Amino acid sequence: TGAIGLYNIGQSCCLNSLLQVFLMNIHFTGILRRITVPRRAAQKRRSVPYQMLLLLEEMQCGKQKAVFPIDLACCLSVYRVKLFVQYDAAQLFLTLWNLIKRQMKNPDLVEELSYLYTICVQEHLTCQKCSFETKRNSSMLTLPLPVLDSNSHILKTLEDCLQYFFRPEELTDHNMCFCEQCGRKTPFLQSMKLVHLPQALTIHLKRFCFEKSAYIHKLSHYLPFPQDLDFSAVLTENQCQADDIEKAAWQYELFAVVAHSGSTSCGHYCAYIRSLTECKWYCFNDSEVCQVSWDDVKCTYGHSNLHWGQTAYLLIYMKKHPQ
């Protein structure tokens, strides 16, 4: 089935879950299989893409139910990704992706990797006094969506979170910006418009928040997310800076969910992934892998009375009709 587990080798559940999400993505492994293999043994040991490729081959060629990702873990430790450490899945995803990109020598593969994962947005700042506007293009690897609004009210659906993330925001009082035309600090309107969405879209649900006491609190409330997501239907015209051809490709289907259970100080990660070749859902819980249903995946929506239960933290959507 291609659904092979990874043994936990020292609080490595977060790493294992993210590796499964990478390696079950046939678009990513298509890039990985074309990397330039390092010549020297020392270079091979320090190459994250090469060690991921070796792990993939071991998982596909072996007949055991799970494999030990020790060589890759040793490679990552060179870059300060240690074992026996509690990681945040969103931060570790960024760390792994940047290591992979930095160590790919082929510029064409780097470009393909970026196109596969990178979100492009345009940031707008408009003076409320004279209407002077500045624009800046930027990119990101995840959409970090708040699950509460500015008044700490619960956002009830993923679509609500997306609309809230792209809403315009007034910058007033101590948040005012310096306007070149006015020659002083004035109120500004800040907005972000979507320009391009990648084939593999990673959404980060910001369920961990700081309280006034600097204590990190986990938000476990119910937040449903759809199997099918059409961005052009969710966002308004003012929230998009893309042509009709680009927006026509914004039809997505859920590919994976990285779920967190437990507390902020003592938690566990697992991954629910839909096989792109079989169209079946699997739960990857370290070395244990089993086929599951969509109802099982929906159990990660969260529940305000079950703070220790499984809660979706990363959502990965795949384009239905890539350009």
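- As annotated in an unreviewed UniProt entry, the protein chain carries the name UBP18 hydrolase and comes from Oceanodroma tethys.

1. Some words on the packing of helix α1 (residues 13-23) against helix α4 (residues 48-61)
Thought 1: As a packed pair, α1 and α4 sit with axes 11 Å apart at the nearest point and diverge in direction by 80°. Classed by the angle they form, the pair α1 and α4 counts as roughly perpendicular. Residue-level inspection shows Leu19, Gln20, Phe22 and Leu23 of α1 in contact with α4, the latter providing Met52, Leu55, Leu56 and Met59.
Thought 2: Looking at side-chain class alone, the contact of α1 with α4 contains seven nonpolar, one polar and no charged residues.

2. Re the packing of aromatic side chains
Thought 1: The final tally for this structure, using the stated rule, is 16 aromatic pairs.
Thought 2: Here the aromatic rings of Tyr7 and Phe68 are separated by 4.2 Å at their centres, their planes lie at 20°, and the arrangement is stacked. Highlighted residues: Tyr7 in the loop between β1 (5-6) and α1 and Phe68 in the loop between β2 (66-67) and α5 (70-77), separated in sequence by 61 residues.
Thought 3: With a centroid separation of 5.1 Å and an interplanar angle of 90°, the aromatic rings of Phe165 and Phe166 are classed as edge-to-face. Both residues of the pair, Phe165 and Phe166, belong to the buried class.
Thought 4: Taking NZ or CZ as reference, Arg167 lies 3.8 Å from the ring centre of Tyr164, over its face.

3. Quick notes on the side chain of His221
Thought 1: Position of His221 among the secondary structure elements: in the loop between β12 (216-218) and β13 (228-230).
Thought 2: Setting aside residues up to four positions removed in sequence, His221 forms contacts with Val147, Leu148, Ile154, Leu155, Arg207, Tyr301, Gly302, His303 and Ser304.

4. A short note on the layout of surface pockets
Thought 1: Estimated volume of the largest pocket: approximately 330 Å³.
Thought 2: Every residue lining the largest pocket is counted, 17 residues in all, and those nearest its centre are Asp88, Phe208, Ile216, Thr264 and Tyr313.
Thought 3: Looking at the lining of the largest pocket, the elements with two or more residues in it are α6 (89-103), β10 (200-206) and β11 (208-210).
Thought 4: Residue contributions to the lining of the largest pocket peak at three residues, all from β11.
Thought 5: Split by residue class, the lining of the largest pocket holds eight nonpolar, six polar and three charged.
Thought 6: Taken together, domain 1 (1-118) and domain 2 (143-166 + 199-322) each give at least three residues to the lining of the largest pocket, which thus spans both.

5. Focus: the packing of α4 against α5
Thought 1: Closest axis-to-axis distance for the α4/α5 pair is 9 Å, and the angle between their directions is 170°. As far as their axial angle goes, α5 and α4 are roughly antiparallel. Note on element contacts: α5 touches α4 through Asp71, Leu72, Cys75 and Leu76, opposite Val48, Gln51, Met52 and Leu55.
Thought 2: Of the residues contributing to the contact of α4 with α5, the split by class is six nonpolar, one polar and one charged.

What counts, and where the lines are drawn
- By convention here, each chain's residues receive numbers from 1 onward along its written sequence.
- In keeping with the predicted nature of the model, local features appear solely for residues at pLDDT of at least 70, side-chain atom pairs appear and are counted solely at 80 or more, and the whole-chain, interface and lining totals rest on all residues.
- The basis for the side-chain values is all heavy atoms of the structure; hydrogens and waters are excluded.
- Helix axes are fitted only over the stretch in contact, all axes being lines through C-alpha atoms; the angle between N-to-C directions runs from 0 to 180 degrees.
- Secondary structure follows DSSP: runs of H or I at least 4 residues long count as helices, runs of E at least 2 residues long count as strands, and numbering of each begins at the N terminus.
- Oblique is the label for every angle not falling under 35 degrees (roughly parallel), over 145 degrees (roughly antiparallel), or within 65 to 115 degrees (roughly perpendicular).
- Whether two residues touch is decided by their heavy atoms; if any such pair falls within 4.5 Å, the residues are in contact.
- By the convention adopted, Pro, Cys, Tyr, Trp, Phe, Met, Ile, Leu, Val and Ala count as nonpolar, Lys, Arg, Asp and Glu as charged, and the other residues, Gly among them, as polar.
- Put simply, two rings from Phe, Tyr or Trp (the six-membered ring, in Trp's case) pair if the centres are within 6.5 Å, and we call them stacked under 30 degrees between planes, edge-to-face over 60, tilted for the rest.
- When a residue's accessible area, from a 1.4 Å probe over protein chains only, is under 20% of the maximum for its type it is buried; when over 50% it is exposed; and in between it is partly exposed.
- Charge-over-ring contacts are defined here by two conditions on Lys NZ or Arg CZ: a distance within 6 Å of the ring centre and an angle within 35 degrees of the ring normal.
- The method works on a 1 Å grid over the protein atoms by themselves. A cavity is a set of points holding a 1.4 Å probe that cannot get out, a pocket is an open set with protein on both sides within 12 Å along at least five of seven lines, and residues with an atom within 4 Å of a point line them.
- Grid points are joined across faces, edges and corners, and a volume is the space filled by probe spheres set on the points.
- Note: domain ranges come from an automatic or database domain assignment.

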